[in-house]
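Given next are the chains, with one letter for each unit.
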Amino acid sequence: MNDRRKVQVIGVPFWKGCGRRGAELGPKGVLQAGLEDLVAAAGAEWAGSVEAKPHVPSGTRAEQGPIRHLTEVRRMASAVADRVSRAHDAGCFPLVVGGDHSVAIGSLAGMTRRRRDLGVVWIDAHGDLNTERTTPSGRAHGIPLAVALGQAEWKLSALPDAAPIRPDRLVLVGTRDLDPGERELIRAEGIACLTMRDIDREGIEAVMERALAIAGRGSEGVHVSLDMDALDPIEAPGVGTPVPGGLSYREARMAMETLAASGRAVSMDLVEVNPRLDPSGRTARLAAELAAALLGRRLL
Ligand SMILES: NC(=[NH2+])NCCC[C@H](N)C(=O)O
Ligand SMILES: [Mn+2]
Ligand SMILES: [Mn+2]
């Protein structure tokens, strides 16, 4: 890892990919939980915090189609992609704070513009591998990986200069809730899926080493996408789609520390924090701590 890495926070106050208001308060919540101090404690330099918001001209009509609010999701993704590639060009580590997980379409577009052979570690209860055809909810936060892989009708390459990610460089971690179409895609593409069961059996450190071997070895760096619903709802109650049986506080910390020690992480998403669903604020605080751990904050 370089001596003092610059971190550019890109806040994306966006909820329309999950259909539940409150996710747009995520960036503010995570910042108020002390993100800046925690990043400093990680020894990183704070390059500031900017917002990426879609510009939707008034009078825009809700479109018909399988994915709700698709026009806004596309505009948001394009704004995020521009912020991310600019941060990357300025020598910064882009830290994208959502917002729901559809913001990752923008992060991946922005990163693949600059790094064609990007590895991706997707830490999430869900697969986020639905397409327009398989989505059970019509929510865009369930499709970002299918878009990034080029498996959906909406392709990452529709965004200027972005490139699809490679299925053999993608690894899912913490998975415990998949839809039928997602299972099929995982099988068909041979996507590595390190489920909660693997974590139970092998321990989080061994699982993360495996994840790094897939996404990290030989790639041009690893994008870490952390959906806070990967954590057990007891630790992180402020998420829109909680699933029981998730990562403990310690496992999540260890996962971040293992990624940090590898020195391979080049960008991160921190998503699905919904402060409205968690008056205690612990989900936002935990999210900020996990980002700092990924950036190298440690006890000694
Ligand atoms: N990023 C998330 N929390 N995604 C939840 C997705 C839930 C479900 N699989 C769907 O497609 O709607
Ligand atoms: Mn999820
Ligand atoms: Mn997700």
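Residues numbered from 1 in each chain as written. Chains lettered and ligands numbered in written order. Predicted model: local features only at pLDDT ≥ 70, side-chain atom pairs only at ≥ 80, totals over all residues.

Caption draft 1: Inspection of the UniProt feature "binding site: Mn(2+) 1" (unreviewed entry) in the chain at higher detail. The residues that UniProt annotates with the feature "binding site: Mn(2+) 1" (unreviewed entry) are His 101, Asp 128, Asp 227 and Asp 229. Despite a sequence span of 129 residues, these residues sit close together in the fold, their greatest C-alpha distance being 12.1 Å. Structurally, His 101 can be placed in the loop between strand 3 (92-98) and helix 4 (103-114). Classification of His 101 by C-beta neighbours within 10 Å gives buried; the count is 31. Apart from the residues lying within four places of it in its own chain, the contact partners of His 101 are Gly 17, Asp 128, His 141, Pro 144, Asp 227, Val 271 and Glu 272. Along the chain, Asp 128 turns up in the loop between strand 4 (119-123) and helix 5 (144-149). The exposure class of Asp 128 is buried, given the 26 C-beta atoms found within 10 Å. (UniProt positions renumbered as here; feature names shortened; annotations may be inferred. Helix = DSSP H or I, 4+ residues; strand = E, 2+ residues; numbered from the N terminus. Buried ≥ 20, exposed ≤ 12 C-beta atoms within 10 Å, placed from the backbone. Contact = placed C-beta atoms within 7 Å.)

Caption draft 2: Structural detail: the nonpolar core. Ranked by internal contacts, the top residues of the largest apolar core, which has 103 residues, are Ile 10, Val 80, Leu 95, Val 121, Ala 287, Ala 291 and Leu 294. Those residues in contact with Val 121 that lie beyond four places of it in its chain are Val 171, Val 173, Ala 211, Ala 215, Val 222, Val 224 and Leu 259. (Core = buried A, V, L, I, M, F, W, Y, C linked by C-beta atoms within 7 Å.)

Caption draft 3: Quick look at the UniProt feature "binding site: Mn(2+) 2" (unreviewed entry) in the chain. Within this structure's numbering, the places UniProt gives as "binding site: Mn(2+) 2" (unreviewed entry) are Asp 124 and His 126. Locating Asp 124 in the fold gives a position in the loop between strand 4 and helix 5. The class for Asp 124 is buried, based on 29 C-beta atoms found within 10 Å. Among the secondary structure elements, His 126 is positioned in the loop between strand 4 and helix 5. Under the C-beta neighbour-count criterion, His 126 is labelled buried, with 25 such atoms within 10 Å. With residues near it in sequence (within four places) discarded, His 126 still touches Gly 142 and Asp 177.

Caption draft 4: How the structure looks around unusual backbone geometry. Cis geometry marks the peptide bond from Gly 98 to Gly 99, where omega comes out at 15 degrees. With respect to the element layout, Gly 99 can be found in the loop between strand 3 and helix 4. Positive phi, normally seen in glycine, also occurs at His 69, with a value near 60 degrees. With respect to the helices and strands, His 69 occurs in the loop between strand 2 (45-51) and helix 3 (70-89). Residue His 69 is classed as buried on the basis of its 23 C-beta neighbours within 10 Å. Notably, Asp 128 is not glycine yet its phi reads approximately 50 degrees, a positive angle.

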